[in-house]
Amino acid sequence: MSLTGAAFLLTGVAGALPGPAAAALAVAGGFALACVRLAWLAGAAPTDRPAANGRPAPTDPVASAGRPASAGRTAPAGDPVPDGVTAESGRPASERGRHAEPGRRAAEPGPQPAVTFRWHVGEAVDNALAHGTSATGRRARRAALSRRVAAILDSAVLVAGLTVAVLPLSDAAHRLPIALAGLCLTGALHVTALLRLPGRSRLSGPELVRRTVDVLALGVSLVFAGWMLLPGGPVPAVAGIAAAGGAVVLAVLAVAAVAERRRRPGAARCHAGAALTLGGLTLLVVLLACDAADRALPLVAAPLVAGALLTAAGARRTSGGERPGRDVAPAAWPRLTAPAGIAALAAGIHLGTAGEFSTAAMALGLAVIPPIMVGELLAAADQRRRVQRLAAREAWLRRRLGPDVRAAGPVPLTRADLVRAMAERSGGALLVVDLHGVGGAVPEGPVLTEAGRRLRAGSETHDLVARLGDTGYAVLTDAGPVLAYALGLRLLAALAEPYPRPGGVARLGVSVGLAETSGGDPEDVLRQADLARRRAVQLGRDRVEWYDAYLEEQLVRRLDLERELPGAVARGELDLVYQPVVALADRTPVGTEALLRWRSPALGTVLPAELLPVAADLDLTGEIGRWVLDRACRQLAAWSEGGRELWMAVNVTPRELAAPDFVARTATALAAYDVAPERLVVEVAEPVVGAEPATVVARLAGLRSIGVRIALDDFRAEHASLAQLRRLPIDLLKVGPHLVGPGGDGQRPLIDVVANLADRLGVELVVEELESEVQVAGARRAGCRYGQGFALARPATAERVEAWFEEYPSTAR
């Protein structure tokens, strides 16, 4: 409850404000907030809904006000966001939208090879792919169901709020009927919504018995508490019925909330919210039926507001796609101690105020004991059966291993065996381990045998180790997150040690994925651990990675890209946009840079930072590079017909540059469109040059021999870079705006040093990523001839660039 609501509540209790008005004002803010959240959930599109990990959606009017959109999303086709600008901040993307691989930036990882799954756990990838395609319908249906549930819950919260809001507007004779009608309608709406929540599963016989006993124990204790706390003397029938019925409903909802708190946290919050809301309305009915003083009415505000906000929070959690998992046996202490504690507290209050118990009260108090005892016996029986199943299962596993478990190596267990073993444990973690030979080759048999021995030796006594396929393993441990991660690091270190073999040693790459098993379906946990292992492979191997929901989003996105990219060239989905390069002296255009875009009908506009690593893994870099070069030359020829003396820069990836026929293909493209070779500029990133200097220098020299000019991009102005600059056959040097700023300790700006060296070498400077007039002025003062960036011209389609050219009739090289 907000401070304002609390102030209204205290004012009403103190009698400074009429009770009904104080109650209405105290709940107004909280109920308005809850109704707005629920209304948004009821009307939000599936793509606007919060993720399963609980992150607020970008369009949430309350939780995300002013928050930037996720940088990981791409704009749909036709999105008004300018090319080269991320939705996050309006600044150029880190790769500036170029036709270049992420490896061109020092802070970005290089392209990773495609991962082939060689063992049964790898079925998780197929499942994830199916999830990304065939599951679309299921997600849509679940989203529609979530919207309907949110609409019903919104109606329930609205009715409850209006019930309290109309009290000050009605006379005393009509307040009780209004409260009763509000209670009944709110209860009906809550029950309807709770029965429709996604993920609800049918209870088994033993679970139903245990749930019934828990409800009976809590219900009787609440009825007894209500009896003890009601005022002395005759109790109106309406108050007695409302109190007894409310106690039973509250017991049902509270037990359901406790039972679902791990398996379906969102549903648990909805149940708890409904319990508080209906409890507050029940208290309102009892107070009105007993003709309580008006100053007592504001007391209903606290449970009502808490219930409304908790209901909205639960609905928001379930709308994110809460996946049903296996039931985890609820802890015994709340089920046993809560009824006893409630009854004892109510009895103590009654004893202190009334001084004695009636016969009926004593009988009702004693009635609390039998269901508590039965519940304790059921909890003990559940625990005993659980221990017996676990012991029998582990004994069966160890018989399969033989007498010496620790020396036997990894367990001949099947996937089904591992899943059953996970179902018997209520906590811990699953580690999925994959071994890679040099160059991705499958390790030799003796090496794998030794790896299995090390895996078993590094595991704890009660851990279960399963071998899954040729090079895959799974370790099931009871350890918590910290110890499980430590176990993963220990196994990683042991498995990465050299393996002796005839004629030398062998080394293995190791990737470990971790996922918690608490409250999760075994198949889901296995899939999650494998997704984390795949992430470890993508990040460079020899590492341990935890699963989180964002990993799954990334994998589904990656699989979508891998599915849609093949054939994109043939389908005409690739596109080029062009960013002008201008002369800083008079801002006339002198050239353009071609920037690649993939206009996918299914995925929207995809930038090179996301596109090119996938293309490299699918061996599509050459096909895409040939299309870019051909389209750039064709566009350059079209502009030349209009008498414009422009050059065009095309970015080249390391794989393209390494191709033996790259120089010949470039010459063929120029000849096909009758473009003068010096009008084409091939851009290569400096980090790429440093990786393979001999090959790169040879290719660049070949390009210059046919007249093509060379630009060195992403120049860092470090000592090694300056020394390398003298050896490279380049014509243009592209530097970032960070060199334009003042140097440290009062020294002159780095751009002055680079400009002086470029002048001596006969190389022209292009300052890129200029985004302010201050940066443009600094580059011009340093003597830089050319500039490129948003402060000068934004990337645009060929048609828009042509229209921009019309403002500058004289366009020289």
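Residues numbered from 1 in each chain as written. Predicted model: local features only at pLDDT ≥ 70, side-chain atom pairs only at ≥ 80, totals over all residues. Heavy atoms only, no water.

Caption draft 1: Region of the structure containing the overall build of the protein. On a plain count of helices and strands, the protein comes out with 27 helices and 16 strands. Per-residue burial for the protein yields a buried fraction of 49% across its 813 residues. When the accessible surface of the protein is summed, it comes to about 35600 Å², and 60% of that surface belongs to carbon and sulfur atoms. (Helix = DSSP H or I, 4+ residues; strand = E, 2+ residues; numbered from the N terminus. Buried < 20%, exposed > 50% of the residue type's maximum accessible area, 1.4 Å probe, protein only. Areas by Shrake-Rupley, 256 points an atom, 1.4 Å probe, with all protein chains shown as cover.)

Caption draft 2: Main features of the sheet that holds strand 1 (residues 429–436). Pairing in this open sheet of 5 strands is mixed, and the strands run 2-3-1-6-7 from one edge to the other. What marks the edges here is a single partner per strand, and that holds for strand 2 (464–468) and strand 7 (543–546). When strand polarity is set aside, the average angle formed by the axes of neighbouring strands in this sheet is 20°. By the bridge criterion, 4 bridges tie strand 6 (residues 509–516) to strand 7 in an arrangement that is parallel. Counted as the bridge partner of S511 is R543 from strand 7. (Pairing = 2+ DSSP bridges. Axes fitted to C-alpha atoms, helices over the stretch in contact; angles between N-to-C directions.)

Caption draft 3: Summary view of the pairing of strand 9 (residues 589–600). Along strand 9, 11 of the 12 residues are buried, which leaves the element largely enclosed by surrounding structure. Sheet topology note: the strand 8 (residues 574–583)/strand 9 ladder contains 9 bridges and is antiparallel. From the neighbouring strand, Y578 faces strand 9, where its bridge partner is A594. Counting the residues in the hairpin turn of strand 8 and strand 9 gives 5 residues, including R587, whose phi is positive at 60°. Examined bridge by bridge, strand 9 and strand 11 (residues 647–651) share 4 bridges and lie parallel to one another. By the bridge assignment for strand 11, T592 is matched with M648.

Caption draft 4: Main features of the pattern of salt bridges. Following the criterion strictly, the structure yields 22 salt bridges and no others. R557 serves as the salt-bridge partner of E610, at 2.7 Å between the closest nitrogen and oxygen. Here E610, found in helix 18 (residues 608–617), pairs with R557, found in helix 17 (residues 549–564); they are 53 residues apart in sequence, far enough to count as distant. Classification of E610 as partly exposed rests on a relative accessible area of 21%. (Salt bridge = Lys/Arg side-chain N within 4 Å of Asp/Glu carboxyl O.)

Caption draft 5: View of the packing of aromatic side chains. Overall, the coordinates contain 4 aromatic pairs when judged by the stated rule. Plain terms: the ring middles of Y578 and W639 are 5.3 Å apart, the flat faces sit at 70° to each other, and that makes the pair edge-to-face. Here Y578, found in strand 8, pairs with W639, found in helix 19 (residues 621–641); they are 61 residues apart in sequence, far enough to count as distant. Each member of the pair, Y578 together with W639, is buried. Ring centres 5.4 Å apart and planes at 75° place the aromatic pair W639 and F805 in the edge-to-face group. Of this pair, W639 sits in helix 19 while F805 is found in helix 27 (residues 798–805), placing the two residues 166 residues apart along the sequence. The exposure classification of W639 matches that of F805, with both residues buried. Three or more aromatic residues joined by ring pairs form one cluster here, namely Y578, W639, W804 and F805. (Phe/Tyr/Trp six-rings, centres within 6.5 Å; stacked < 30°, edge-to-face > 60°.)

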